[in-house]
Each structure stands twice: as structure tokens, then as C-alpha cells.
Amino acid sequence: MQLDLTQFRGRHVFVAGGTTGINYGIAEAFGRVGARVAVLSRSAENVATAQARLQALGGEALGCVGDVRQPATVQEAMARAVAAYGPIDVLVSGAAGNFLALAAEMSPNAFKTVVDIDLLGSFNVLRSAHEHLRKPGACVIQISAPQADTPTPWQSHVCAAKAGVDMLTRTLALEWGGEGIRINSIVPGPIADTEGIRRLAPTPEALERMTARVPLQRMGRCEDVARCALMLASDWGSYITGAVIPVDGGLSLTGPRDFASAAAAAAAARSRA
Ligand code: HXC
Ligand code: NAP
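This one's a predicted model, so the numbers in the text were calculated from it and none came from an experiment.

A. Representation of the pattern of salt bridges in the model. Counted by the stated rule, this structure contains ten salt bridges. For Glu-28, the salt bridge is made with Arg-32, and the minimal N-O distance between the two is 2.8 Å. With a gap of four residues between them, Glu-28 and Arg-32 both fall in helix 1 (residues 21-32), about one helical turn apart. The buried category is assigned to Glu-28, whose relative accessible area is 16%. Linking Glu-195 and Arg-198 is a salt bridge whose minimum nitrogen-to-oxygen distance equals 3.3 Å.

Listed below in C-alpha cells is the structure:
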């Protein structure tokens, strides 16, 4: 028995925050198996690059400039994508922001910014998509983070925001299950060569420490996360909803982390620049 990847041919996959890193990896994985992929993010340059890379795979792709904090821009992008590709079969919500800062030192606007992007932004994406999702049959995937259930110093903003993201997943699984819409969270562990890791492990030493904590003793790859997304969106995932699924080499079993030394290294690098 094999996962039949031909089932994604011609399917409409919309990836919010999908122009770089892990989320782009998911967009590309669906593009490689013949899906028609729309990606949205803020930077026109990121959008143009991602669209060109996806089109170079030989399929159809649409890049949209938008900010998940501004629902009108998300709605406009989805209207364009739906006009081109029809109802959304797979929706990925992965836009996020992160930096290392202690709660007692960060400004209210710094905390608010991360909550606005990660949590309110996810709501805006899901809320805007609801009318466009294929019913029955759509699959929604939220990209969460280990901070959602592991209290993590220097990450109070991300912990609070991503915990909300996972609770949104569970709640909407109940509200939307009757319409035949499934929704799950993927929780990536530390994924190599991503912006998230550049921010949380800014030196070779920090990277080494982070890798040593992973029970499988390696960093993840974007492909590890993308394969989980393909499985969830496929017929193999058809009875999975409301789940929060770690793709983290076992990191979630290891307890709280403290990014104090990583924060010091990041601050030193900033002051040298
Ligand atoms: C303290 C900071 C800060 C920092 C920004 N702020 N960086 N505070 N330490 N390092 C404060 C600013 O001073 C400001 O508050 C407020 O946050 C908003 O900053 P802006 O720069 O105006 O915001 P904006 O342009 O909207 O950019 C959002 C951003 C930025 C989150 C700050 O870094 C961004 O766009 N990030 C997207 C890419 C990203 O972060 N990718 C990694 C995702 S990884 P004041 O009070 O001065 O107005 C992830 C999990 C990884 O999410 C998990 C790994 C295991
Ligand atoms: P990334 O490359 O910075 O990805 C974030 C994406 O979101 C970018 O494409 C960015 O593009 C977009 N984005 C940010 N703010 C946005 C906004 N307001 N509106 C629309 N798009 C926005 O970082 P990454 O490390 O790959 O992280 C991707 C996802 O994985 C995030 O949800 C993160 O929390 C999660 N995660 C990452 C790791 C890791 O190891 N890296 C671990 C656990 C979880 P623009 O700048 O063009 O907007």
C-alpha cells in the first residue's frame, strides 16, 4: 500500500505565509505533485521569488502580497486564488514572527505584534477561507511551534500566541467537522536553515546545543514537515481532525528550554553590526 500522490493533481492549495522557509517547503511539496498553489506574504520580493520557483516546477502557481493582520488583503488574495483555481482543497496557515525578548523588557507593542501575526492572523486566514473551503473535503493545517505547550523563557509572546493557535485548531475541528472540514496543527521541532532557527540559535554553539537536545540527534528538514502535511491532506488522513502533531524528533518530550545564552549571542551580534 502506497500513499497515492496523484490525488493532489489540480487541487487548490493556499499557503498563508508560504513564500519562505517551512511554509514554502510545504507549498513546493504540493506543487511537485501537481497541485495548483497560491502563496501569500508581505514582501513583494518574497512573493515574486516563490511564485517563480513554484512555476518552474511546471505547474500553476499564484503569488499574492498580503498581511495576515489585514483581513481585507487576505480576502482579496483568496478571491483571486479561488477565481483561478476553484474552492480551496488545502489551506495552510503558517505566517509567524519571532524574536528573543524577556517579558519584563519587551514593549506592549512587541508582544502584541507577535500575537497579531501568529494568533489573530491565523484567525483572519481561517475566517476568510471558510466560505471558500471545499465542503465536504477541505483540509486545514496550522503551523504551530513547541512553545505552544512548553513554557519557554524569552518566548512568552510566542508561547501565548501559538497556544492560542492550537486551541483554535481544536475548537474549529468541532465547529467545522459537520461540514466535512478537517483541521490539524503541525508542530515542527527545530528545522535547519530556517529564519526561526537563525533567530533562536544564532551561533554554531547554540545550534549544537539545540541539536543535542533532540532525541533523534538531528535537526529537522523542511521536507519532514512537508511530508506530514501531504499525509494529513491525503485520503490517509481522512479520519484525523483536531490533532496537534509534533514533527520534532521527540523534542516535545524533553521539557522547557531557556534561550538566555542564545539571546546574549544575538544581542552581541546586533551590537557588533
Ligand atoms: C524586542 C522587538 C524586537 C526584538 C521587534 N521588536 N524586534 N522587541 N526584541 N528583537 C518590537 C519593536 O520594537 C516594536 O515595538 C514591535 O516589536 C514591532 O516591531 P516592527 O519591526 O515594527 O514589526 P513588523 O515590521 O510588523 O515585524 C514583525 C516582526 C519581524 C515579528 C518584529 O521580526 C518579522 O517580520 N518577522 C517575520 C519573520 C520571522 O520572525 N520568522 C521566524 C518565525 S519562527 P515598539 O514598542 O518599538 O513599537 C517561529 C517559531 C520558531 O515563529 C520556533 C523554533 C523552534
Ligand atoms: P519564515 O521563513 O520567516 O516564515 C514565515 C513566513 O511568514 C514568511 O514567508 C513571511 O514572509 C511570512 N509572514 C510573516 N509575517 C507575515 C504577515 N504579517 N502576513 C503574511 N505573511 C507573513 O520562518 P520559518 O522558520 O520557516 O517558520 C515558518 C513557520 O514554522 C512559522 O509558523 C513558525 O512559527 C513555525 N516553526 C518554525 C520552526 C523552525 O525551526 N524554523 C519551529 C517550529 C515552528 P514575509 O516576510 O514576506 O511576510
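B. Structural view of the pairing of strand 6 (residues 182-188). Counting buried positions along strand 6 gives seven out of seven residues, so the element sits mostly inside the fold. Of the two faces of strand 6, both are covered, the one formed by Arg-182, Asn-184, Ile-186 and Pro-188 as well as the one formed by Ile-183, Ser-185 and Val-187. Pairing between strand 5 (residues 139-143) and strand 6: five bridges, direction parallel. Looking across to strand 6, one finds that Cys-139 is bridged to Arg-182. For the crossover from strand 5 across helix 5 (residues 156-176) to strand 6, the handedness is right-handed. Note that strand 6 and strand 7 (residues 244-247) share four bridges and pair parallel. The partner of Val-187 across the bridge, within strand 7, is Pro-246.

C. Region of the structure containing the sheet that holds strand 6. Reading across the sheet, the seven strands line up as 3-2-1-4-5-6-7 and stay open at both edges, with parallel pairing between neighbours. The sheet terminates laterally at strand 3 (61-65) and strand 7, the two strands that pair on one side only. Shown here is a sheet whose adjacent strand axes are inclined to one another by a mean of 20°, direction ignored. Note that strand 1 (residues 12-16) and strand 2 (residues 36-41) share five bridges and pair parallel. The residue of strand 2 that forms the bridge with Val-13 is Val-37. Across the sheet, helix 3 (residues 71-85) touches strand 1, strand 2, strand 3 and strand 4 (90-93), and the angle it forms with strand 2 is around 165°.

Scoring rules and cut-offs
Residues numbered from 1 in each chain as written. Chains lettered and ligands numbered in written order. Predicted model: local features only at pLDDT ≥ 70, side-chain atom pairs only at ≥ 80, totals over all residues. Heavy atoms only, no water. Salt bridge = Lys/Arg side-chain N within 4 Å of Asp/Glu carboxyl O. Helix = DSSP H or I, 4+ residues; strand = E, 2+ residues; numbered from the N terminus. Buried < 20%, exposed > 50% of the residue type's maximum accessible area, 1.4 Å probe, protein only. Pairing = 2+ DSSP bridges. Right-handed = clockwise from strand over helix to strand, strands pointing away. Axes fitted to C-alpha atoms, helices over the stretch in contact; angles between N-to-C directions. Contact = heavy atoms within 4.5 Å.

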